[in-house]
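Structure assessment
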Amino acid sequence: MMKDVSVALPVRMWRVVTGYANPTRFLGLCDVLVPWCASLSALLIALGLYLTFFVAPADYQQGESVRIMYLHVPAAWLSLMIYAVMAVSALGTLVWRHPLADAAQKAAAPLGAAFTFVCLATGSLWGKPMWGTWWVWDARLTSVLVLFLLYLGLIAIWHTLEDQAQAAKAAGVMTLVGVINLPIIKFSVEWWNTLHQPASVFRMGGPTIYASMLWPLLIMAVGASFLFVTLHLMSIRNEILRRRVARMALMMAQG
Amino acid sequence: MMTEQLAALFLRDWRLAQRLGGGASLGVMFFLILVTMIPFAVGPDQLILARIGAAVLWIAALLAGLLGLDRLFQLDQDDGSLDLLRLCDLPLEIMILTKCAAHWCATGLPLVVSAPIFGLMLGLEPQQIFAVTLSLFVGTPALTALGAIGAAVTLGVRRGGLLMAVLILPFTIPILIFGVSTSTALADGMMAVHIPLTILCGLSLLSFVVAPFAAAAAVRHMGE
């Protein structure tokens with residue numbers, strides 16, 4: 001069969017995306033991807049933790065407590081990235097009516113809440129020795145707390161609305177409205193010059209963080225991202241199976 | 001033509017809000033009760049009350065404003081008139097903005113009007129009372145608009161009022177911040193009051209733009 005090369009790349013990518021609207025095909029993809037992502041994530045996190053505790057230097061000002069950064073910063077990045085994933089899934093639900101977008105949205109919300117919680121908790125533990133307080137009402141901290149509240153609200157939608165198709169639409173609208181918070185979090189350290197330090201990795205003119213600290217951080221971040229991808233795929237798979245079970249139970253009940 | 005239809009919708013919603021469930025007076029009563037509770041909680045110290053007065057008025061207005069919001073679409077959904085609005089050839093977005101305006105006139109405006117009296121009870125300075133009232137006048141329409149998103153999203157949900165509060169309150173934080181800082185800026189001196197006030201105006205206008213589209217999308221989808 002001739003391969004159709006005349007079709008533009010976005011269209012071909014789109015066909016791939018719509019192809020996986022078929023749950024069975026998606027489950028097959030999951031079975032291939034999950035073991036790879038899981039082992040990659042385990043490997044990278046193990047390497048990252050080794051570098052964190054045995055190779056990376058202590059900070060000349062912060063001492064050993066700087067090692068919290070290698071957990072705190074990846075969790076913070078992921079808390080934003082997961083929200084972005086959820087926003088794209090919300091578009092998938094509302095605009096393209098992709099059947100798996102609902103499941104992707106639902107699966108991402110608790111994961112996002114968990115990473116945001118890790119970010120807040122590690123930040124609090126880091127704040128105590130550095131700033132002398134567990135919590136301050138600083139712009140960055142407050143906006144991340146709002147992100148956490150948004151995640152909790154979205155989880156509440158999934159728990160409260162019985163009709164899951166309706167819950168997907170409600171959660172989709174709320175998710176898209178909440179996207180406003182992402183730039184606020186990103187730029188909060190620049191707009192309001194309060195206690196939290198400004199960005200030192202993703203900034204104009206390159207990172208200001210030394211390479212011996214940057215590498216473990218990036219490895220941890222990639223490892224944590226693969227952890228999210230693994231958990232997300234597994235959670236979507238569970239959701240698909242849960243729907244099948246529910247449908248079969250319904251069919252059995254109808255006799 | 002369009003303005004006539006919208007005026008009819010506005011009057012209908014306004015009359016319904018006036019005549020059903022106690023109307024505006026109930027919201028103001030809730031506002032008064034919240035303000036009355038505060039001195040019992042923090043003690044009747046005039047200095048403390050005057051310092052936190054603006055914040056108290058804002059929080060109370062926020063909660064009182066949330067109170068009737070679940071009725072914004074639910075009653076229309078129950079009696080079927082929301083389906084008629086969906087079928088109407090006017091854009092749903094502008095009809096929702098009209099409904100919000102009617103709802104604000106019926107419930108938000110009485111809060112703004114009664115705020116100076118409650119400000120006196122909390123021992124605020126006259127200029128601060130003026131600032132709080134002004135900031136409530138600018139900010140409460142935005143709260144109604146944001147609340148419309150929550151009301152639309154929780155349409156048809158049993159015990160949707162609590163879910164709506166959980167969903168909407170995080171989004172009202174910026175309005176609360178700049179509403180209260182408008183009032184406190186005036187107390188500290190007239191210098192910088194226009195900065196939080198203009199930001200508050202901007203947030204209000206932004207919510208008038210974003211909220212009707214989000215609420216309309218939710219009303220379309222949730223009714224399917």
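First, a word on what this report is: a plain description of the structure on this page. Going along each chain's sequence as written, the residues are numbered from 1 onward. All chains are assigned letters beginning with A, and all ligands numbers beginning with 1, in the order in which they are written. In keeping with the model being predicted, local features are shown solely for residues with a pLDDT of at least 70 and side-chain atom pairs are shown and tallied solely at 80 or more, while totals for entire chains, interfaces and linings include all residues.

1. Examining the interface of chain A and chain B
Placing a C-beta atom from the backbone of each residue, one calls two residues in contact when those atoms lie within 7 Å. Taken together, the 15 residues of chain A in the interface contact 15 residues of chain B. Every element with two or more residues in the side of chain A that touches chain B is listed here: helix 5 (139-160) and helix 6 (164-178) of chain A. The helix count covers DSSP runs of H or I at least four residues long, the strand count covers runs of E at least two residues long, and both are numbered beginning at the N terminus. Of all the elements, helix 5 of chain A adds the most residues to the side of chain A that touches chain B, at seven residues. For this classification, the nonpolar set comprises Ala, Val, Leu, Ile, Met, Phe, Trp, Tyr, Cys and Pro, the charged set comprises Asp, Glu, Lys and Arg, and every other residue, Gly included, is treated as polar. Of the residues in the side of chain A that touches chain B, the class split is 11 nonpolar, three polar and one charged.

2. Observations regarding the environment of W126 of chain A
All names here are of chain A. On the secondary structure map, W126 appears in helix 4 (residues 99-131). Once C-beta atoms are placed from the backbone, each residue is buried if 20 or more other C-beta atoms lie within 10 Å of its own, exposed if 12 or fewer, and partly exposed for counts between those two. Since 18 C-beta atoms lie within 10 Å of it, W126 is described here as partly exposed. Along the backbone, W126 and V179 are 53 residues apart, and their C-alpha atoms lie at a distance of 27 Å. With sequence-adjacent residues up to four places away left out, W126 is seen in contact with S65, I68 and H72.

3. Quick word on the packing of helix 7 (residues 126-153) of chain B against helix 10 (residues 194-222) of chain B
Residues and elements named next belong to chain B. In this analysis, axes come from line fits to C-alpha atoms, helices being fitted only over the stretch in contact, and the angle between any two N-to-C directions falls in the range 0 to 180 degrees. Where helix 7 contacts helix 10, the axes come no closer than 8 Å and their chain directions differ by 20 degrees. By the angle between their directions, the pair helix 7 and helix 10 is classed as roughly parallel. Crossing geometry of helix 7 relative to helix 10 is assigned as left-handed. Classifying every residue of the contact of helix 7 with helix 10 by side-chain character gives 20 nonpolar, four polar and no charged. Put simply, angles under 35 degrees are roughly parallel, angles over 145 are roughly antiparallel, angles from 65 to 115 are roughly perpendicular, and the rest are oblique. Here is the rule for handedness: rotate from the far helix to the near one, and if that takes an anticlockwise turn smaller than a right angle the crossing is left-handed, while a clockwise turn gives right-handed.

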